[in-house]
Amino acid sequence: MFLYLINKWTVADHQLRCIAWSKDQGYIALGGDCGFLNVIKLEPGVDAKAVGLGASNNLCTVNQPEGHKGSVKVLSWNDRYEKLTSSDETGFTIVWMLHNGQWLEEMVNRHSGSVVGGMCWNSDGQKICIVYEDGTIIVGSVDGNRIWGNRMKHMQFTQVAWSPDGCKLLFGLASGDVHISDGSGNFLAKMELQCMVGRTEIARIVSLQWYNGRWGYFEPDCPSLAVCLDNGCCQLMRTENDNDVILLDTGMKIVDAQWNHCGSMLAIACCQQINSSQSLSEVQFYSPFGEHLRTLPLASKRLLGLAWDGAGCRIALALDTLVLFANVRPEYKWAYVRGTLVYAYTNRENAEHRVMFWNTKNGDKTSKFVHGLRGISACDDVCLLSASSDNSQEMYKLLLCNDIGTQLDSKYLDTEPRHIAVTRTHVVVASRTEIYVWHYRVAKRLTAMDVQQGAKPRWDGREKVYDIDHELKSGDRAAVDTKTSNPTRDPICCIAALDKTLIVAQGSGTLMHFILPGMELQRAYTTSQQPCRIFLNCNCSRLAILDSAGLLTLMELESQGASKDSCGKILSLQRKDVWDVCWASDDPEFFAAMERTWMYVFRNLDPEEPILTSGYICGFEHLEIKSALLDEIMKEPENPKDELVVTFEARFLRDCHTLVESVGLPDAQQFVERNPHPRLWRLLAGAALEQLQLEVADHAFARCHDYPGLQLIKRLHSLTGQKLKQAEVAAYFGRFEEAEELYLSMDRRDLALKLRTKLGDWFRVLQLLSTTAGNADDALKEQANNSIGEYYAERKKWSSSVKYYMEAHNMEQLAECYIMLEDYEKLSELASSLPEQHKLLPKLGQVFLSVGMCQEAIDAFLRNNQPKLAINACVELNKWKQAVELAQFHNVHEVRPLLAKYVARLLENGQQLEAVELYRIAHCHLEAAQLLFQLADKEAKMRRKPLLAKKIFVLAALEVESYHEMKRSQKKDKTEAASALVGLLEEDATAGGLMVDLPWRGAEAYHFYLLAQRQFYSGQPETATATAKVLVDYEDIIPPEDIYSLLALFACKSGAFKTASRAFLRLETMPGLSEKEKRAYEQCALEVFTKHKPYDTSKSEESQSEILEGIFPEEKPPVCVVTGRLLTDYELWMCSACKHCAGRLDISSFSTCPLCHSSVL
C-alpha cells in the first residue's frame, strides 16, 4: 500500500478533540472545545472529469450544529439511519438528524456529574450503548427509548464495542481491563490481555474496535477485534475468547485506532510528547495478522484522532486545529490479461475470496471462489493465483488459469508465496528466504517436437528451489525435503521476472540478476533504497525501483550494447510519491508512473504533461495506457462498469493526431520521422490511405512492418476508379456500410455481395439478393439461408431456423430443428415428403421410436427397405402382434427368439406379470398361461391369499381358452379335422394335456374353497359342508389337511357327525403330519364323539353323500358354481366363457359368472 497527504482543513479558534466519518453518506463530524461541532463533506468539483480519487474535491461545511456547551469529546455515526451522536465533557449527549440539508436535534440525554467514556451503535443501527466514567451504562434504541441501564461501582469506563452479531458487549476500563457481557449487561468474563503480560505499569484502554464484517473479511478466520492501550500495546483477536492473539507494540502512545471499511487494514494513531510545546505524531498501518504495512509521519502537532472513509481510500486526521486528509492506495489483488481484468474481492455472504475475470472488451464475466488467496499475477495470456492449501496451513498451491478462469495447471509447494511473478514459460515464487521456479507448459504453446515427445520437458527438472543465502538446493523438487531453519538477515522483499530474466530484491538493497531457466546468477547490484516493488522494461535493459516512501529510481542493467561501467548505474531520474509503474510492452524507453493522482508518461527520462487519474495501470502498448479505477470497481465488484477502464494516449500520439487532422500529411510525416514509432507509422498510413496518397501509405506500412497493408497498397494500384479505391479503403478500416454504398453507386452489386459474404453478414446478403433475381444467385441464396439457419440454431432459436432451412431445402437441419422443437407432427410430414431410400429416413425412424410413435417409425424404416428395424421397433414398443405380422409378411424369423430373450430378461428381474403381459400382447396365450399357472402355484403354496390364487388361476384358464379360440380361427385352408389334430399335437408338445384339457381345475378348487368358508360364516353350515365335500376331488391343488379340517369343522356345526368322523379319520391317518399334530386331531375327535354319535342328522347330507359315494357311477353331475350343490335337474345355466353350470334360479341374482366373472347373458 501507499499513502500521501492531499489537503487540509483549518479550524479557526478551536482545539479539536475528536473526529468521525460517516461510511455511507460521506459526512465528516469534527468535535472540539467550547461546544464546537462541525459537519463537513468532500464535494466533487464542478468541472471534474475524473472519477475516484483523481477527481477534484472541495471541502465544504454543511452546517455547525449548536447545542453543546462543553468540549465535544465523543462522536459516533449511525449510517443506517443517518444519525450523528455527540457527547461533551458535561455528560450532555445529543442525537442529530439530517433534515433539509441541516443537522437538527432529535433527542438529548443529560447525565450530570460524569463524562461519556465511549459510545457505539451496533451493526444494524438499532441500539446504542453509552458508557460513562462513573460506571454508568445505558443502552437505548434508535427511536430514543431506554432498553436497559446499569451502574457499576468503582469502575471507570473508557471504551465500549458491540460484537458483530450484536449479542455481546466489550467494556474498556481505565485500569486496563476489558469486561465481556451479554447484550443485556450480564457479566460473562474478563478478557485476557496477553499484551500486558510482564508489564507492571497501568495502561488505559483507548480503543476497542470490532469490525462487523459488513464488506466481508480479508481472509477466512482473520482477526477483526483490536484492543489498544495508551502505553503503545495492542492485541488483535478473532473472537473475545481467542487464545491465539497477535501482539503489536507501536513504541509510542496510542490515542486512537480504526479498521478500514473491509477490515483489511488497521490504522493506529500514535503521539509522543517531546516537550511542552512539541509532539511527535504518526499513523501506523497494520494488516489483520499484525504485519506492519506503512507509517505516515506527521508534522510536530498533537494527533487526536483519525477516521476512515467508506471506501478505505481516504483517511482523515485531527491534529490540534487542523484536519489532514491522506489518500490511501491499497494493494488490491488484481492483474490484467489481454483485455481481461482479474481482481479478487470478498463479501459478507462468503468469507472466501472470489476472483472475477472480467473481459473489458465484450463485458463477459466469470468468477470462481479461491480459498486463502494470497496473490494474483499475469503475463501474456495466463493468470497465476497463489493461495493457501485447503488441507494444510503449511502448504500452498499455485493455480494457472487462462483469461476466462479455466484452470490450465496447478502445483502444490511448501514455499510461502509472499511474492509471485509469471513469464511466458516460468512461474517464480519467493518467500523470505527461498525462490521457487516452475517451468510450466500450456497445450497451445507446445511445439511439434513437444507433441512427438509426449510433451516431456526439455530440461530435466521442471521445478527448482533456490535458497537466497546458500546455493541451489536441488534440480528436482521431489528431492527437496529440508528447509533452512535459521531466519535470514536479509529477506527477499520483491521480485520481477520477464522472459529469461529474474531480478530478486533484498531488504538491504541488494538486487540479484538471474538467468532463467537455469537460475544462473548473472550479476548482483546494490542500491541505497529498500525496494518495495521493482519493474523490468520490455528488453530487460532497465529496472524501475520503488521504495516504501514512494521514491522512484531507475537502474541500468547489463544488456546488449551496454558498457560494463553503466551496468548497475542509477539514472538521474527521481520521482516522489509514486505508487505504480508500468513499462511499455513495445518500447523500452517508455514507461508510465502514478504520482499521487497524476499519471506521468516518460520517454527516455523526459516526462510528458500529467494526466489526472487515480487508476491502476493495466498496460502500456502502442502509445496507449489502459488504466482501471479499482477503487470504484470494488464498490460494486460483481457489476463493473465499462467506463471504469479508461484508455489514455501518450503525448506523441495526441500530437500526431492533431497534425493529421489539423495541419496536413507532410508535417505529420516529418513529425513521425523525427519520433519514429510503429503506432505513429500506422496512424500516418491510415491518414494517407484516407486521402489516397498511396506512396506515403506504402512507405508508412513498410516502416511499421505491416504486410497486409502493403498488400492493400498493391491491390489499390491495380484498380482504376477513384470510387473503387475509396470503397476498398473503407472496407479495410471497417466502414463496411460506406464501402457497400460506394459499390452500389457504381452498380457493382457483385462486389457488395462479395464483401458481405466475406464478412459473414448473410442477412444483408439476402437483402441484396432480394432486389434482383438470377439463376447465378440461387447457390448463394441457398448458402445464405443455410448460414442464417445455423446462426439461429447456435443460439437455440429453432423456430427461426426452420424458416431459413426450408428456404434452403436443407432437410437434415430442418429435421434437427423439428426434433429440438419436439414438433413431431411436422417431423412426420417431413418424413412422408422424403423420397424412398433417403438417407434421413433411418434417423427419423429412430427419433419416432424414441418418442413412442410406432407407426411413423415403421413407415420410415420400411420406406428405407429395413424391415428388421421396423420389427425391432414393434418389439421395443410392445407391438408384438404387429411385429409378428410384419415378420410373416417380410419372411423374417427372428421375432420368436427375440421375444423369448426379452421374456427371459424380465423373469431374471422378477417381473413375471410384465412377462405375462408381453406374451398376451404377442398372442402367445399358451406361454402366458404357463407363467400364470406357475405364479398361481407359487401363491397357493404360500397359503396366505387364496382369493389372489383363484384370480391368477382364472387368468391362466382364460388364456388357455384364448389359445383354443386362436387355434380354431387358424383353420383357413386346412380341413377342420386336420386342424384339430395339428392343434392337439401342438398342445401336447407345448405344455402337456393337463394344462390344456383341464385349465379350470385350479380356479374351481379355490372357488369352492372360498365359497364354503363364505357359506359357513354367513350361517349356512349344511351348505358349507356340502361344498367342502366337493373339495375332496382337489387334493392335488389344495392341501388335504386344509380340506378335511374345513370339512370336519363344517360337518360338526351342521350335525353331520358321520361326515365329521370320516374327516377326522382321514386327518389322523394323513401322511406327513407330525405325531404332535396327529395326537391333537385324535384329542379333538375324542371330545366330539364322546358327546355325539357318528350319524348324520340332516337328510340333505345323506342324499349328498349318496351322490358322492357313487349312486351315479357313470357320470358325476355338475356342481353349481353359485351354491356348491350337485345339479341333478335339467334346468341349468352354462357360462359361455368357462363352461361351468349353475341353477337358473341361483344365477338369476348374479350379473357375472361367480367363477370367471364374465357377463351373464
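Below or above, wherever it landed, is the structure these notes cover. (Residues numbered from 1 in each chain as written. Predicted model: local features only at pLDDT ≥ 70, side-chain atom pairs only at ≥ 80, totals over all residues. Heavy atoms only, no water.)

Remarks on the overall build of the protein chain
- Within the protein chain, the regular secondary structure consists of 32 helices and 59 strands.
- Within the protein chain, the proportion of its 1161 residues that are buried is 52%.
- Sequence-distant contacts in the protein chain: of pairs separated by 6 or more residues, those separated by 24 or more amount to 45%.
- Accessible surface for the protein chain amounts to roughly 56,100 Å². Of this, 49% is attributable to carbon and sulfur atoms. (Helix = DSSP H or I, 4+ residues; strand = E, 2+ residues; numbered from the N terminus. Buried < 20%, exposed > 50% of the residue type's maximum accessible area, 1.4 Å probe, protein only. Contact = heavy atoms within 4.5 Å. Areas by Shrake-Rupley, 256 points an atom, 1.4 Å probe, with all protein chains shown as cover.)

What to know about the sheet that holds strand 36 (residues 407–413)
- Read from one edge to the other, the open sheet built from four strands follows the order 33-34-35-36, with strand pairing classed as antiparallel. Two strands bound the open sheet, and with one partner strand each, they are strand 33 (373–379) and strand 36. When the angles between neighbouring strand axes are averaged without regard to direction, this sheet yields 15°.
- Two elements, strand 34 (residues 382–388) and strand 35 (residues 396–401), share six bridges in a ladder whose sense is antiparallel. Bridge pairing links Ser388 to Tyr396 in strand 35. (Pairing = 2+ DSSP bridges. Axes fitted to C-alpha atoms, helices over the stretch in contact; angles between N-to-C directions.)

With respect to the sheet that holds strand 18 (residues 205–210)
- The sheet built from four strands is open, its strands ordered 18-19-20-21 with antiparallel pairing. The open sheet has two edge strands with one neighbour each: strand 18 and strand 21 (246–249). Averaged over all adjacent pairs, the angle separating strand axes in this sheet is 15°, with direction ignored.
- Direction of pairing for strand 19 (residues 225–229) relative to strand 20 (residues 233–237): antiparallel, over a ladder of four bridges. Looking across to strand 20, one finds that Leu225 is bridged to Met237.

Brief notes about the pairing of strand 31 (residues 353–359)
- With respect to burial, strand 31 is a largely interior element, six of its seven residues being buried.
- Where strand 30 (residues 340–345) and strand 31 come together, six bridges link them in antiparallel fashion. What sits directly across from Ala344, in strand 31, is Val355.

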